[in-house]
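For reference, the chains in residue letters:
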Amino acid sequence: MLRTRLVTAFFLIPLILGSVYFGGLAFFLPVLAALVYAGYELFIMARNAGHHPSLTIGLALIALILLNAIYETEHWSVPGLTTNITRDVLTLTLIVSLVAAVFKHDEHWLVDWGITFAGALYVGWLGAFFILVRALPNGVIWTTFALATAWAADTGAYLAGTRMGKHKFFPKISPKKTWEGACGGWLAATLAMFAMGTLAGLPPLHSALLGLGIGIASSFGDLAESLLKRQTGVKDSGNIVPGHGGLLDRVDSLLFTAVFTYYYLVWILHI
């Protein structure tokens, strides 16, 4: 399993970092494809648990939210659209989904409607922060640092957990995770960002705090998806990524990482 994970990472990481470097559509299209598919996995998980979220509305909403992010950050201009298309997108999808519910009107429509929108916001809204971070000044550097730090956290948590893990960390959600693993991931993330940030001219304190924050955000992003999987009775969200499970399994920690990175850079560092 470890060998398969390493081989997959060996091929995927250069592709991911290449898309970050080139930006624009070379970055947006892979993000769009990955998150739409991750949303598909989420909705299929819900369907396997006996719910009936709308794939059409849910996936369309994820795509529209991401298109809104690239529209605003790239300063594209489309005749007839307002400058606040986030409002327009959410208004349109709310109305369309509720009109669809009127025609469907079964006894479970409210739960299914809620799963559709919550799932789309979870994957699409949080995922859009990848695009927002990349659009910041020096966005290539920040996005690369955030991804590398999250990967360091994942690796550190795995190594510390398998070698020293004894005390359970939220055992009802993810029985295999331990405090030793979590702390190992946080330490690895802190050290990784400290090294990269300091070399890039970021003050050491901010480098360490940003790394620690990403490590914590990454672990709770992973736990949030573990909770969803436990609620729907599946081990992995899918099997599209050899050795890693589904795409949602791979982006779960990155969703929280992107959000934390963006707000730390904007609110604390005033990037």
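Just so it is clear, the structure is predicted and the values come from calculations on it, not from any experiment. (Residues numbered from 1 in each chain as written. Predicted model: local features only at pLDDT ≥ 70, side-chain atom pairs only at ≥ 80, totals over all residues. Heavy atoms only, no water.)

*Asks:* Hey, could you run me through the overall build of the protein chain in this one?
*Replies:* Summing up its helical and strand segments, the protein chain has 9 helices and 0 strands in all. For the protein chain, the succession of helices and strands along the chain, N to C, is α-α-α-α-α-α-α-α-α. In terms of overall dimensions, the protein chain is globule-like: its C-alpha atoms have a radius of gyration of 19 Å, near the 18 Å expected for 271 residues. Projected onto its principal axes, the C-alpha positions of the protein chain cover 55 × 45 × 30 Å. By the burial criterion, 44% of the 271 residues in the protein chain qualify as buried. (Helix = DSSP H or I, 4+ residues; strand = E, 2+ residues; numbered from the N terminus. Rg over C-alpha atoms; globule rule 2.2 N^0.38 Å. Buried < 20%, exposed > 50% of the residue type's maximum accessible area, 1.4 Å probe, protein only.)

*Asks:* Quick question: what am I supposed to make of the packing of helix α2 (residues 24-48) against helix α5 (residues 109-135) here?
*Replies:* To describe two helices that pack against each other, one gives the angle between their axes and the distance between the axes. At a minimum axis separation of 10 Å, α2 and α5 run at an interaxial angle of 160°. Accordingly, the angle class assigned to the pair α2 and α5 is roughly antiparallel. Considering only the axes of α2 and α5, their crossing is right-handed. Between α2, through Phe27, Phe28, Leu35, Ala38, Gly39, Leu42, Phe43 and Ala46, and α5, the contact on the second element is made entirely by Ile115, Thr116, Gly119, Ala120, Tyr122, Val123, Gly127, Phe130, Ile131 and Arg134. Across the contact of α2 with α5, the residue classes break down as 13 nonpolar, 4 polar and 1 charged. (Axes fitted to C-alpha atoms, helices over the stretch in contact; angles between N-to-C directions. Parallel < 35°, antiparallel > 145°, perpendicular 65-115°, else oblique. Left-handed = near helix turned anticlockwise from the far one by under 90°. Contact = heavy atoms within 4.5 Å. Nonpolar A, V, L, I, M, F, W, Y, C, P; charged D, E, K, R; others polar.)

*Asks:* Before we go on, may I ask you to explain a nonpolar patch on the surface in this structure?
*Replies:* Taken together, the side chains of Ile95, Val99, Val102 and Phe103 present a nonpolar region at the surface, about 440 Å² in accessible area. Along the polypeptide, Ile95 turns up in helix α4 (residues 85-104). (Patch = residues over 30% accessible without salt bridge, like charges linked within 9 Å, V, L, I, M, F, W, Y side chains within 5 Å. Areas by Shrake-Rupley, 256 points an atom, 1.4 Å probe, with all protein chains shown as cover. Salt bridge = Lys/Arg side-chain N within 4 Å of Asp/Glu carboxyl O.)

*Asks:* Looking at this model, I keep getting lost on the side chain of Thr178. Mind explaining?
*Replies:* Within the fold, Thr178 resides in the loop between α6 (139-164) and α7 (179-199). Beyond its immediate stretch of four places on either side in the chain, Thr178 contacts Gly161, Gly165, Lys166, His167, Lys168 and Phe169.

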